[in-house]
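The lines below spell out each chain.
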Amino acid sequence: MLGEFAGLAEIAARDLGLFPPPGPGLPERLRDALGVLELSARDVRVERRWTDAGLAGEELSWTVGFGPRTRAYLLRPEDAAGPLPGVVAMHCHAGMKWAGKDKIADGPEPPVAEIVRLRAALYGRRAYAGELARRGFAVLAHDVFAWGSRRFPLAGTGGDPDRYDRAARDHEHVLAKSCALLGTSFAGVLASEDLAAAAYLRSRPDIGSVSAIGLSGGGARAALLGALDPGIAAVAVAAMVASFRDFRDEHVAAHSWMLFPPGLTRLADWPGVVAARAPAPLMVLYATADPLFPAEGMRRAHRQITAAYRNAPGHYTGAFFDTAHQFDRPMQDAAFSWLSETAAQFSPAGHMKERQVH
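A. Just the packing of aromatic side chains, in detail. This model, assessed by the stated rule, comprises 16 aromatic pairs. Relative to Phe186, the ring of Trp147 has its centre 6.1 Å away and its plane inclined at 20°; by these criteria the two rings are stacked. Of the two residues, Trp147 sits in the loop between strand 5 (138-142) and helix 5 (161-181) while Phe186 sits in helix 6 (residues 186-203), which places them 39 residues apart along the sequence. Between Phe247 and Phe293 the ring centres are 6.0 Å apart and the planes differ by 65°, which places this aromatic pair in the edge-to-face class. Taken together, the residues Phe247 in the loop between strand 7 (232-238) and helix 8 (249-254) and Phe293 in the loop between strand 8 (282-287) and helix 10 (295-308) connect sequence positions 46 residues apart. Put simply, the rings of Phe66, Phe145, Trp147, Phe152 and Phe186 touch in pairs and so form one group of aromatic residues. Note that Lys97 overlies the ring of Trp147, its terminal NZ or CZ placed 5.1 Å from the centroid. In this structure, Arg151 packs its charged tip against the face of Tyr164, placed 5.8 Å from the ring centre.

This is the structure in structure tokens:
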């Protein structure tokens, strides 16, 4: 990367010791590097309830102490009895900050055209949070800092989603700089809000274990939540894992500040961060035709994570799909089945799994 300035990478690697072995203290060092804040979901309110297509939904709101109230959907099977396993479903970045949770979860009203188009491109036209809920989970999909109910009132955008998202792309640079000035990071603030959401879900008497799942930027958030919160039972990350060592200019340019908190590579390579939850259950779904990540970086990541789980056979599943950057139905079915099996009875006697899906 860096073209004529590529020598900078060699100097930085030499002087700063980039990509060291993760080590057992990585979660705490990661928390410090990200600038994680002690947030909690306070003054939780049920704004609305509804039932539709076999699901019972709650629209929730809470405050984390700054900015607009967070809005969230909690979906579960309509006739479910007793505590259910919970899942925090993370919405993606996708260059769309006008909406957050609505990208992956249906609320009481039908989705608008922009959401329908995005779902078609990334999720096989499905609001996957509802599909996961139909598998017997209580699924929480929440907005997060700068998205949906937590978005900024950017001047000149009016109520137009496309205009807002164009402005939000440039505004993210301002957010990242502002977070750095405050001693945190864009990724750190997102992780702080996700930790608060997971803690809230876990606190409910109708919820058992709590897991996490996400695509792309949502996958990065799920990975960080799994690394930072030892109470997360299982994590599934879709189309968001590759070794930073193999990134080139086009891969760096394709991603947001969510993936590049300052100082991260002085702690570990990205697969080391994803695997920091070992030996707790982890699934990574690799999209081998994804232009946002280098193919060799995905293979290297799988090797690194497999090595991190060498003393926990069966606790890591790496699934390879011949597809572009998406979380389509075959990937969802694989992830949902894995989560169901893990929630029901995770067996430590299993074996490492690697599958090639076409």
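Let's pick the thread back up.
B. Geometry of helix 2 (residues 26-34). Regarding helix 2, the residues found buried are Leu26, Leu30 and Leu34. All buried residues of helix 2 lie within an arc of 60° about the axis, which places them on one face of the element. Along helix 2, the residues that are exposed and aim more than 90 degrees away from the buried face are Glu28 and Asp32. For helix 2, the secondary structure elements touched by its buried residues are helix 6, helix 7 (217-228) and helix 9 (270-274).

C. Highlighting unusual backbone geometry. Cis geometry is found at the peptide bond from Ala278 to Pro279, where omega equals 10°. Mapped onto the fold, Pro279 is located in the loop between helix 9 and strand 8. Not every positive phi belongs to a glycine, and Ala53 is a case in point at roughly 50°. Classification of Ala53 as exposed rests on a relative accessible area of 53%. Of note in this structure, Ala146 is not a glycine but carries a positive phi near 85°.

D. Structural view of helix 5. The end-to-end C-alpha distance of helix 5, which contains 21 residues, comes to 29 Å, matching closely the 30 Å that a straight helix rising 1.5 Å per residue would cover. Taken as a whole, helix 5 carries its principal kink of about 35° at Asp170. When helix 5 is considered as a whole, its buried residues turn out to be Pro161, Tyr164, Asp165, Ala168, His171, Glu172, Leu175, Ala176 and Cys179. Measuring from the backbone nitrogen of Asp162 back to the side-chain oxygen at the start of helix 5 gives 3.3 Å, which picks out Asp160 as the cap.

E. Local environment of the pattern of salt bridges. Under the criterion given, the structure shown has 27 salt bridges. With a shortest N-O distance of 3.0 Å, Asp43 and Arg69 are connected by a salt bridge. Of the two residues, Asp43 sits in strand 1 (residues 42-52) while Arg69 sits in the loop between strand 2 (55-63) and strand 3 (70-77), which places them 26 residues apart along the sequence. One network of salt bridges, with partners in common, ties together Arg49, Glu58, Arg76, Arg204 and Asp206.

F. Spatial organisation of a nonpolar patch on the surface. Taken together, Leu2, Phe5 and Leu8 make up a surface patch of nonpolar side chains, about 330 Å² in accessible area. Secondary-structure assignment places Leu2 in the segment before helix 1 (7-16). By relative accessible area, Leu2 is classed as partly exposed at 36%.

G. Seen up close, the nonpolar core. Counting 63 residues, the largest nonpolar core has Leu30, Trp62, Val241, Trp270, Tyr286 and Ile305 as its most contacted members. The leading source of residues in this core is helix 6, at eight residues. Trp270 has contacts with Ala220, Ala223, Leu224, Met240, Val241, Ala242, Phe244, Leu259 and Leu264, leaving out every residue within four places of it along the chain. Of all hydrophobic cores here, the second largest spans 44 residues; its members include Leu55, Leu154, Met283 and Ala334.

Definitions and cut-offs
Residues numbered from 1 in each chain as written. Predicted model: local features only at pLDDT ≥ 70, side-chain atom pairs only at ≥ 80, totals over all residues. Heavy atoms only, no water. Phe/Tyr/Trp six-rings, centres within 6.5 Å; stacked < 30°, edge-to-face > 60°. Helix = DSSP H or I, 4+ residues; strand = E, 2+ residues; numbered from the N terminus. Lys NZ or Arg CZ within 6 Å of the ring centre and 35° of its normal. Buried < 20%, exposed > 50% of the residue type's maximum accessible area, 1.4 Å probe, protein only. Arc of directions from axis to C-beta. Contact = heavy atoms within 4.5 Å. Expected span 1.5 Å × (residues − 1). Bend = angle between axes of the 7 residues up to and from the residue. Polar contact = N/O pair within 3.5 Å; in protein donor to acceptor, adjacent residues only side chain to side chain. Salt bridge = Lys/Arg side-chain N within 4 Å of Asp/Glu carboxyl O. Patch = residues over 30% accessible without salt bridge, like charges linked within 9 Å, V, L, I, M, F, W, Y side chains within 5 Å. Areas by Shrake-Rupley, 256 points an atom, 1.4 Å probe, with all protein chains shown as cover. Core = buried A, V, L, I, M, F, W, Y, C linked by side-chain atoms within 4.5 Å.

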